[in-house]
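# Commentary on secondary and tertiary structure
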Amino acid sequence: MIRLKNLTKIFGATTAVDNVSMEVGAGEVCVLLGPSGCGKTTTMKMVNRLIEPSGGRIFIDGKDVTEVDAVQLRRSIGYVIQQIGLFPNKTVEDNICVVPDMLGHDRKASRRRAAELLEMVNLEPAAYAKRYPKELSGGQQQRIGVIRALAADPPVLLMDEPFGAIDPINREVIQDEFMKLQAALKKTVIFVSHDIDEAVKMASRVAIFRAGRLVQYDTPDTILAHPADSFVADFVGADRTLKRLRLITVRDAMTADPPRVSPQDSVETALALMEQHGHISVVMVGPHGKVLGFVRVEALRGKRGKVGDHFEKLTSVVRVDDNLRNAVSQMFTNDQSWLACIDADGVYQGYITQRGITHLLGATYRDR
Amino acid sequence: MQGAQATHPMRALASLWRLTVLGLVFLLGIWASASGTLTAMMAYREDIHFLTLQHMELVAISGAIAILTGIPIGIVLARRSLGLFGPLVAQIINLGTTIPTLAILALAMTVLGLGAPPAIFGLAVLTLLPIVLNTVAGLRAVPPALVEAARGMGMTNRQILFQVELPNALFVIAAGIRTALAINVGTVPLAFLIGGGGLGELIFTGIDLMDTGLLLAGAIPTALLAVAVDFLVGQLQFWLVPRGVNPLR
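What comes next is a walk through the structure. (Residues numbered from 1 in each chain as written. Chains lettered and ligands numbered in written order. Predicted model: local features only at pLDDT ≥ 70, side-chain atom pairs only at ≥ 80, totals over all residues.)

### Some thoughts on the overall build of chain B
Along its length, chain B carries eleven helices and zero strands. For chain B, the α and β elements follow one another from N to C terminus as α-α-α-α-α-α-α-α-α-α-α. On the principal axes, the C-alpha backbone points of chain B span a range of 70 × 55 × 25 Å. Burial analysis of chain B (249 residues in total) assigns 36% to the buried set. Across chain B, contacts joining residues at least 24 apart in sequence account for 73% of those joining residues at least 6 apart. (Helix = DSSP H or I, 4+ residues; strand = E, 2+ residues; numbered from the N terminus. Buried ≥ 20, exposed ≤ 12 C-beta atoms within 10 Å, placed from the backbone. Contact = placed C-beta atoms within 7 Å.)

### Quick word on the sheet that holds strand β2 (residues 14-24) of chain A
Residues and elements named next belong to chain A. Across the sheet, which stays open at both edges, the four strands sit in the order β2-β1-β4-β5 with antiparallel pairing between neighbours. Strand pairing shows two members of the sheet lacking a second neighbour, β2 and β5 (63-64), which therefore form its edges. Pairing of strand β1 (residues 2-11) with β2, which is carried by seven bridges, proceeds in the antiparallel orientation. The residue of β2 that forms the bridge with F11 is T14. Running over the sheet, helix α1 (residues 40-47) touches β1, β2 and β4 (55-60) and is turned about 120° from β1. (Pairing = 2+ DSSP bridges. Axes fitted to C-alpha atoms, helices over the stretch in contact; angles between N-to-C directions.)

### A short note on the pairing of strand β10 (residues 213-218) of chain A
All names here are of chain A. When strand β9 (residues 205-210) meets β10, the two strands line up antiparallel, connected through five bridges. Counted as the bridge partner of R210 is R213 from β10. Turn length for the β9-β10 hairpin, with the two strands adjacent in sequence and antiparallel, is two residues, and the turn residue A211 shows positive phi of about 50°.

### Some thoughts on the packing of helix α4 (residues 45-78) of chain B against helix α9 (residues 157-187) of chain B
Residues and elements named next belong to chain B. Where α4 contacts α9, the two axes come as close as 10 Å, and the packing angle between them is 150°. Seen from above, α4 lies across α9 with right-handed handedness. Here V59, S62, G63, A66, I67 and I71 of α4 lie close against α9, whose contacting residues are I173, I177, A180, L181, N184 and V185. (Left-handed = near helix turned anticlockwise from the far one by under 90°.)

### Notes on the interface of chain A and chain B
At the interface, 19 residues of chain A touch 17 residues of chain B. Of all the elements in the fold, those that place two or more residues in the side of chain A that touches chain B are α2 (70-75), β6 (77-81) and α4 (98-102) of chain A. Within the side of chain A that touches chain B, the residues separate by chemical class into eleven nonpolar, four polar and four charged. (Nonpolar A, V, L, I, M, F, W, Y, C, P; charged D, E, K, R; others polar.)

What follows is the structure, given as structure tokens:
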């Protein structure tokens, strides 16, 4: 979708971007990551020709961007900046519709689209469409900044540290909202950031820059598991393996279709089941498969009767669509070495263990 | 919202001030009527009528010329592409504000002769300065991020100027126009000295003849006109500058 070929930018005596070549696939979020002054923003701004390259070429959908008029090109690319840059003299609605209005789109249709976009970021159109930017909070303003870039439905989006100036709590919320929008709209995004956590959360692929050079371009998990050099390793942090936890869902790490017992089962059946699988405990489920609790070998040994008389409550369970970071956090909070995994309806799907997670994270190192 | 609460004591003060002024004007009226000045002034009713219109004409023409030339000059001087040239010219204009009004009128007279044209020229030059300076200041104060966002979204330079820069500088520009016109109305009486007409005719004749009635017949309408113009431009500024960039709303 977007292809940079030997892209170079020289400002006077300094080479800001040095022979960068990379490709961003359609619908991908590519995060350009690096310390300040590493050339990531300059690289991004060359895509919509806010900065003209000194050498090399940029193709969008196979077409060289220098062959298109710069103004027309920019109108076909969404643009979001850290300072937001909403126009104070225009209402929220008119801000969102700046590009559609320039392109001469139907006014009513674009205002309707603006209302839809407002709803998508949880801002009630009736309450916000006619307000002015100064009447909104910083987080609300940046939501408008993002949907303004989407209003004319451009296939490509450039975002220059869009959430950098927002407080950490709101930033998480807006990041999540953006990911939801992105899942629905599937834009090709180039996203500049200096925050590794943000990159890991948002990116399909991460490009790490240092002094104008592209040092590594890979999926977040590969960057975290196999940093190309000591610079990347330092940049992503000593706790990089922990950061990988966020990239894996519980579903991918759990042991699926595990043994289970029901309250009506006899103690003998339960003990036999545990022995057969080599487990020291087993989850007890209700008639529709919902998790009710669990029984332990020690608690059952020498007892008689039904499992339902001897079960213990589970202090916590985890959803299968949650990420491992939250799962591990729950294990640590409750001093548990395993967790039962449930789906949205509370039905038992499987279990994860600390041992299993360690094993999974280590797999990538053993393969090499 | 918090702004409105903060201005409450200010508003109370303003209404108190307005009442005081009204009371003073009322007392002045009683005095004027009792001392016979009012009757004396009324004798010049036709002159007042004619000269007020002439006065307003001078204000309107010179003010319009100043606004129509001052804003474009300000826009040109505020261009960052001018480099050091812009601030340099702005400094020269700043120096220009120190030249006494009478000197400007005298200079205009030596080139254009007597009558209304040199008066209008001199007044326009005088009125131009605050408008140019405020236009430059207003445009310079527009946050660079707005311009970057506008350019990044594909606005042309012209669209950036008219949709982003000027609307966001409008309040400051309007303040310049308000100051300029207030100065203008108060300076028009001097136009009489080079044969430009206006209420100055009554004022200066009144001074020469030591005739208080005649003097006030020129001075009071001039003062009222200045207040009216200031009020009018203030209202225009309040209502015409969009709510998003108007600190008063």
